[in-house]
Amino acid sequence: MLTDSVYEAVKAMVMDHVITPGARVGIEPVSRSLGVSATPVREAMARLESDGLVVKRSLSGYRATELLTRQGVEELFEMRLLLEPRAAALAAEHVEDDGMDRIEALVEEMQGLPDKGESYAVYGRFAALDQRFHDALAAASGRTLLAAAVERLHTHLHLFRLGAVTGGSPSTVTEHGRILRAVLRRSPERAADAMREHLELSLARHLGRYEDGGPGAGR
């Protein structure tokens, strides 16, 4: 329980830029700020490294990863467009009842939740459910390597760390609903098309940040 709470606390610091992108993350300073020993902080850092939120460098310890540039966002979505429409199509063919129930529950729970705010505490639940929806669909594909590849991208942590997306929440939930209906109808082609459309629209929303002079603009 302590390790989990420390992990969430440090993750919130990184997501909210309390620990600024590229900054060194010292074990001892974080331990003192949270009033805990170094051990749970080290364990949290290992998990955050797996998430791609910090990197460990020899002789200099951990540093928060830099924010995605416009090119980084485009490359991330390029990978998603290769993997996730195929995963959705396979899910339509192979998903079992319990997997379907989980996906439906995630779509329902996301409705009405804020996808932006002044802190990760406000939008973190939406971000986590968004990630779980995509991971659950990939898991329902029945392809272990494909599901692992989707999960390893940690897409939503990197994207939500950039800040708010105009018009994101209602659109995202609506688009998830289209994917869900295609999977419910056991239609691989519709599921793949719905996922592809969702990713393309999401990409356009995220690229809007850079056009407005947001993080990484011009890079």
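Parameters at a glance
- Residues numbered from 1 in each chain as written.
- Predicted model: local features only at pLDDT ≥ 70, side-chain atom pairs only at ≥ 80, totals over all residues.
- Heavy atoms only, no water.
- Helix = DSSP H or I, 4+ residues; strand = E, 2+ residues; numbered from the N terminus.
- Rg over C-alpha atoms; globule rule 2.2 N^0.38 Å.
- Buried < 20%, exposed > 50% of the residue type's maximum accessible area, 1.4 Å probe, protein only.
- Contact = heavy atoms within 4.5 Å.
- Areas by Shrake-Rupley, 256 points an atom, 1.4 Å probe, with all protein chains shown as cover.
- Lys, Arg positive; Asp, Glu negative; His and termini not counted.
- Charge placed at Lys NZ, Arg CZ, Asp CG, Glu CD.
- Pairing = 2+ DSSP bridges.
- 1 Å grid on protein atoms, 1.4 Å probe; cavity = no way out; pocket = protein on both sides within 12 Å on 5 of 7 lines; lining within 4 Å.
- Points joined across faces, edges and corners; volume = space filled by probe spheres on them.
- Axes fitted to C-alpha atoms, helices over the stretch in contact; angles between N-to-C directions.
- Parallel < 35°, antiparallel > 145°, perpendicular 65-115°, else oblique.
- Left-handed = near helix turned anticlockwise from the far one by under 90°.
- Nonpolar A, V, L, I, M, F, W, Y, C, P; charged D, E, K, R; others polar.

Caption draft 1: Representation of the overall build of the protein. Looking only at helices and strands, one finds ten helices and three strands in the protein. Helices and strands appear in the protein in the N-to-C order α-β-α-α-β-β-α-α-α-α-α-α-α. Since a compact globule built from 219 residues should have a radius of gyration of about 17 Å, the 18 Å found for the protein is in line with a globular shape. When the backbone C-alpha atoms are referred to their principal axes, the protein occupies close to 55 × 40 × 35 Å. The proportion of buried residues among the 219 residues of the protein is 48%. Here the analysis covers contacts within the protein between residues at least 6 apart in sequence; of these, 74% occur between residues at least 24 apart. About 11,000 Å² of surface is accessible on the protein, with carbon and sulfur atoms providing 51% of the total. Once the 27 positive and 32 negative side-chain charges of the protein are each reduced to a mean point, those two points are 4 Å apart.

Caption draft 2: Molecular detail of the sheet that holds strand E1 (residues 24–25). One open sheet holds the three strands; their spatial order is E1-E3-E2, and the pairing between them is antiparallel. Strand pairing shows two members of the sheet lacking a second neighbour, E1 and strand E2 (54–57), which therefore form its edges. As judged from the four bridges shared by E2 and strand E3 (residues 61–64), these two strands associate in the antiparallel manner. Paired with valine 54 across the two strands is alanine 64, which belongs to E3.

Caption draft 3: Quick look at empty space enclosed by the protein. Counted by the stated rule, this structure contains two cavities of 30 Å³ or more. Around the second largest cavity, the lining residues are Glu84, Ala87, Ala88, His134, Leu137, Ala138, Val150 and Met195. For the lining of the second largest cavity, the secondary structure elements donating two or more residues are helix H4 (70–94) and helix H6 (120–140).

Caption draft 4: Focus on the packing of H4 against H6. Interaxial distance between H4 and H6 falls to 7 Å at its minimum, and their mutual angle equals 60°. On the basis of the axis angle, H4 is oblique to H6. Viewed along their axes, H4 and H6 form a crossing whose handedness is left-handed. Of the residues in H6, those in contact with Arg80, Glu84, Ala87, Leu90, Ala91 and His94 of H4 are His134, Leu137, Ala138 and Ala140. The residue makeup of the contact of H4 with H6, split by class, is six nonpolar, two polar and two charged.

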